[in-house]
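Inside the fold
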Amino acid sequence: MDLQTKALHFGYEKDTQGTMAVPLYMSTAYEFRDIEHAANLFALKELGNIYTRLNNPTTDVFEKRFAEIEGGEAALATASGMSAIFYAIANAAEAGDNIVCASQLYGGSLTLNSHTLKRFGIESRFFDVQNPSEIETLIDEKTKVIFFESLTNPSIDVADIEAITAIANKHGILTVVDNTVATPVLCRPFEYGADITVHSASKYTTGQGLAIGGILVERKGLVEKLKANPRYAHFNEPDESYHGLVYVDLPLPPFTLRARLSLLRDLGATVSPFNSWLFIQGLEHLSLRMREHSKNALELATFLESHPKVKKVNYPGLKSNANYANAQKYFDEGASSGLLSFEVDSLEVATKIVDATELYSLVVNIGDSKSIITHPASTTHQQLSSDELIACGVPQGLIRISCGLESSEDLIADMKQALEN
Ligand SMILES: *Cc1c(COP(=O)(O)O)cnc(C)c1O
């Protein structure tokens, strides 16, 4: 079945009312039939609803549907993209371990990896996503995750997913891919050997800038990689916090199960069922939107490339771009999302352009149906030192655009007047 068909139908059996739309179940808890039923649910002898911190029927449809269109086995929705990323890492690593991650990351992921994880005793080691061979020099027996973005935000590089997963597989290490910007419509990392994907559902999934949420997806057959793998003893040994459960011995996808049973249970970054319901609406037209976002961005990028005030345009759909070959290989029809950036001479010039645009809103978000303009060095990446800024590909004169669904003629005309202002 095609992805677009699945996005409309998968994971929902019409309820007794025959509702066409997936019902929104706002309920904190669920009634058990009797004590035996309750005990069976807690012991995982039977699967079902217990308490919305752990599961919810609306969120369940969102998780099943998203896992299916990503080509994965199971998913866990979370309260934000950042909590999905934290859970993916915390489910694999603990104090004393390290993770290897790309330098070109979303600002929040960068501060998570370089500062916050350190306080939990997890060390991060960075590699240049354009140079995956660096990974091999960074890993040791304590490396639990290789983390990178398929399409990086805001530097807009396209990772060579196969090159990275080949190194990871050689050493039996889990790869976690942030697929937020590419979305499952453009890129399906599991087809290239990735193990886990994470997303901010706050971006293209909702599509209209409506709600914060995240999701973590596990590939099919991941249990085989975890089983008897000395790096992941905690999946192979009895979990004392869950009366001796051994995750790899269960007939359930182990990674999302453990994230739900221990991390979601104890840390509680649960998505609101209402937000899950909004994400379900967004998935229905995600593939239509991604094609339109990508078309608009390519037209705007082509215009910017021809403008004398613009030093450089970063858009993987441009033939001149260093990521063009990877975009053609990893993205459906080479379509490269609505995210692009361009560089002008200085902070001053960038400020003038951003302030002169009318159609683009100055907002720190991406993936909205309305176009967005951002100056990363003064906003999302403000907390980084100038060295860190260079390392993650954010010069002072860099302007980031998230191309919306307005007409491309209007978007180009407004950008032209802002550049020539
Ligand atoms: C926005 C974003 C995140 C964080 O997601 P939130 O939902 O805002 O927590 C993570 N990764 C990427 C690539 C993002 O664009």
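Note that this is a predicted model, so its numbers are computed, not measured.

**Side note on the sheet that holds strand E8 (residues 312-314)**
- One open sheet holds the 5 strands; their spatial order is E8-E9-E12-E11-E10, and the pairing between them is mixed. Of all the strands in the sheet, the pair left with one neighbour each is E8 and strand E10 (361-362).
- Strands E8, strand E9 (339-343) and strand E12 (398-402) of the sheet are contacted by helix H13 (residues 286-305), whose axis makes an angle of about 10 degrees with E9.

**Concerning the pairing of strand E7 (residues 214-218)**
- Summarising burial for E7: 5 of the 5 residues are buried, a large majority.
- Pairing of strand E1 (residues 74-78) with E7 involves 5 bridges; the strand directions are antiparallel. Its bridge partner being in E7, Leu76 is matched across the sheet by Leu216.

**Considerations on unusual backbone geometry**
- Going from Asn153 to Pro154, the amide bond is cis rather than trans, its omega being 5 degrees.
- With respect to the secondary-structure elements, Pro154 resides in the loop between strand E4 (143-149) and helix H7 (161-170).
- Phi at Leu44 takes a positive value of approximately 65 degrees, unusual for a residue other than glycine.
- The phi torsion at Ile156 lies on the positive side, around 60 degrees, for a residue other than glycine.
- Structurally, Ile156 can be placed in the loop between E4 and H7.
- Among the residues examined, Ile156 registers a relative accessible area of 1% and is labelled buried.

**Observations concerning the packing of helix H3 (residues 57-70) against helix H12 (residues 273-284)**
- Their axes nearest at 8 Å, the elements H3 and H12 cross at an angle of 35 degrees. The two elements H3 and H12 cross, and the hand of that crossing is left-handed. Packed against H3, whose contacting residues are Thr58, Thr59, Val61, Phe62, Arg65, Phe66 and Ile69, the element H12 presents Pro273, Ser276, Trp277, Phe279, Ile280, Leu283 and Glu284 at the interface.
- By residue class, the composition of the contact of H3 with H12 is 9 nonpolar, 3 polar and 2 charged.

**Remarks on the pattern of salt bridges**
- A complete count under the given rule lists 19 salt bridges for this structure.
- Two residues, Arg265 and Asp266, come together in a salt bridge whose shortest N-O distance is 2.7 Å.
- On the accessibility criterion, Arg265 (24% relative accessible area) is partly exposed.
- Residues Glu292 and Lys295 are paired through a salt bridge, measuring 3.7 Å at the closest nitrogen-oxygen approach. Within this pair, Glu292 and its partner Lys295 are both found in helix H13, separated by 3 residues, close to a single helical turn.
- In this structure Glu292 comes out as partly exposed when scored by relative accessible area, which is 35%.
- Because the salt bridges share partners, they merge into one network encompassing Glu123, Arg125 and Asp140.

**So, empty space enclosed by the protein**
- Enumeration over the complete set of coordinates arrives at 1 cavity of 30 Å³ or more.
- There is about 60 Å³ of room inside the largest cavity.
- If you trace the largest cavity, you find it lined by Thr52, Arg53, Leu54, Asn55, Asn56, Thr59, Glu63, Ala77, Arg260, Leu264, Thr270 and Val271.
- Counting only elements with at least two residues in the lining of the largest cavity, the list comes to H3 and helix H11 (254-267).
- Across the lining of the largest cavity, the residue classes tally to 4 nonpolar, 5 polar and 3 charged.

**So, the domain arrangement of the protein**
- Taken domain by domain, the protein comprises domain 1 (3-281) and domain 2 (287-420).
- Computed over C-alpha atoms only, the centres of domain 1 and domain 2 are separated by 28 Å.
- Taken together, the 41 residues of domain 1 in the interface contact 40 residues of domain 2.
- Between domain 1 and domain 2, a total of about 3100 Å² is buried, with carbon and sulfur atoms accounting for 58% of that surface.
- Contact with domain 2 buries area across many residues of domain 1, yet Ile156, Leu186 and Tyr204 alone supply 25% of it, more than any other trio.
- Counting across the domain 1 and domain 2 interface gives 2 salt bridges.
- With a shortest N-O distance of 2.7 Å, Glu162 and Lys329 are connected by a salt bridge.
- The tally of links from domain 1 across to domain 2 stands at 18 residue pairs in polar contact (both at pLDDT 80 or more).
- Looking at the side of domain 1 that touches domain 2, the elements with two or more residues in it are helix H1 (3-9), helix H5 (107-119), H7 and helix H8 (183-186).
- Residue classes in the side of domain 1 that touches domain 2 are distributed as 17 nonpolar, 19 polar and 5 charged.

Parameters and conventions
- One numbering rule holds for all chains: residues counted from 1, following each sequence as written.
- Totals for whole chains, interfaces and linings use every residue, but because this is a predicted model, local features are given only for residues with pLDDT of at least 70 and side-chain atom pairs only at 80 or more, for both listing and counting.
- Side-chain figures throughout are based on the complete set of non-hydrogen atoms in the structure, without hydrogens or water.
- Note: two strands are recorded as paired if DSSP finds a minimum of 2 bridges between them.
- To qualify as a helix, a DSSP run of H or I must reach at least 4 residues; to qualify as a strand, a run of E must reach at least 2; elements of each kind are numbered from the N terminus.
- The contact definition used throughout considers only heavy atoms, calling two residues in contact when any of these lie within 4.5 Å.
- Lines are fitted to the C-alpha atoms to define the axes, a helix being fitted only along its stretch in contact, and any angle between axes, read from their N-to-C directions, falls within 0 to 180 degrees.
- A 1.4 Å probe rolled over the protein chains alone gives each residue an accessible area, and that area as a share of the maximum for its type sets the label: buried under 20%, exposed over 50%, partly exposed in between.
- By the definition used in this description, the sense in which the near helix is turned from the far one sets the handedness, with an anticlockwise turn below a right angle giving left-handed and a clockwise turn giving right-handed.
- Just so you know the grouping, Ala, Val, Leu, Ile, Met, Phe, Trp, Tyr, Cys and Pro go in nonpolar, Asp, Glu, Lys and Arg go in charged, and all remaining residues, Gly too, go in polar.
- Put simply, a salt bridge is a Lys or Arg side-chain nitrogen that is within 4 Å of an Asp or Glu carboxyl oxygen.
- Of the two site types, the cavity is a set of points on a 1 Å grid over the protein atoms alone where a 1.4 Å probe fits but cannot get out, and the pocket is an open set with protein on both sides within 12 Å along at least five of seven lines, each lined by residues with an atom within 4 Å of a point.
- Grid points are joined across faces, edges and corners, and a volume is the space filled by probe spheres set on the points.
- An automatic or database domain assignment supplies the residue ranges for each domain.
- Here the quantity called buried area is the total loss of accessible area, with a 1.4 Å probe, experienced by two parts when brought into contact, counted for both.
- Here a polar contact is taken to be a pair of N or O atoms separated by no more than 3.5 Å, where protein atoms must pair a possible hydrogen donor with a possible acceptor and residues adjacent in sequence count only if both atoms sit in side chains.

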